[in-house]
Amino acid sequence: PASKAPMTARVHQMLDELVAHHVRNRPEVTEPTLVPEFEREVGIPLKIPNLSRYGARWESGSVVPVHDDRRAASLRYKIAGHRVTLYVYKSSSNYALEKALPKRHVGDEQVYVGSYRGYSIGATEHGGVGYALASDLNDAETAELVAALY
């Protein structure tokens, strides 16, 4: 397994904000067709990934702050009774979660997965778009979900 590189303060703060939002319950958009309206605030095109093969059920979405006036789309699902929150954001080297999470390979996909404050966090990046997932699933399940996002 890859060793965990030292976290920068920005990455640490981003992880704190993602986990804090994941555990919070607050009103959000419950109609998935409204998610594209988040694009203006997040600054990237958004589409809801189809995670139905994992038994995922869409719950809600919102836009959340992640640090330095940056925003992420927060997409919530339920999988076998577990809350799973997917964050989609404009990627930046200052917020590269791979600085804090060990690398794994799932098929041909390279993902970053680890535990943070008792939650499993998975991340990947494609074409300037960052994807982070927070859940209470195990790291192997989180890695599989993250690998299926792109």
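Cut-offs used in this document
- Residues numbered from 1 in each chain as written.
- Predicted model: local features only at pLDDT ≥ 70, side-chain atom pairs only at ≥ 80, totals over all residues.
- Heavy atoms only, no water.
- Helix = DSSP H or I, 4+ residues; strand = E, 2+ residues; numbered from the N terminus.
- Buried < 20%, exposed > 50% of the residue type's maximum accessible area, 1.4 Å probe, protein only.
- pLDDT = per-residue confidence, 0-100.
- Contact = heavy atoms within 4.5 Å.
- Pairing = 2+ DSSP bridges.
- Core = buried A, V, L, I, M, F, W, Y, C linked by side-chain atoms within 4.5 Å.

Looking at the environment of A9
Checked against the element boundaries, A9 lands in helix α1 (residues 9-23). In this structure A9 comes out as exposed when scored by relative accessible area, which is 62%. Linking A9 and Y119, residues 110 residues apart in sequence, is a C-alpha distance of 19 Å.

Let's talk about the confidence of the model for the protein
In the predicted model, the protein carries a mean pLDDT of 84, and 91% of its residues have values of at least 70. Mean pLDDT across the secondary structure elements of the protein bottoms out at α1, with 77, and peaks at helix α3 (residues 139-147), with 95. For residues 1-6, every residue scores under 50 in pLDDT, and the model assigns this stretch seven contacts once sequence neighbours within four places are set aside.

Description of the pairing of strand β5 (residues 109-116)
Pairing analysis gives four bridges linking strand β4 (residues 103-106) to β5, with the strands arranged antiparallel. Within β5, the residue paired with R104 across the bridge is V111. Taken together, the five bridges between β5 and strand β6 (residues 119-126) define a ladder with antiparallel strand orientation. Considered in β6, the bridge of S115 is made with S120.

Things to note about the nonpolar core
With 27 residues, the main nonpolar core has L46, Y77 and V88 as its most contacted residues. Once you skip the residues sitting within four places of it in the chain, L46 turns out to touch V35, F38, E39, A73 and V88. Listed in part, the 19 residues of the second largest apolar core include V11, L15, Y89 and L97.

Description of unusual backbone geometry
Backbone geometry at A80 places phi at a positive 50°, although glycine is not the residue there. Tracing the backbone shows A80 in the loop between β2 (70-79) and β3 (82-90). A positive phi angle, close to 50°, is found at R117, a residue other than glycine. Inspection of the secondary structure assignment puts R117 in the loop between β5 and β6.

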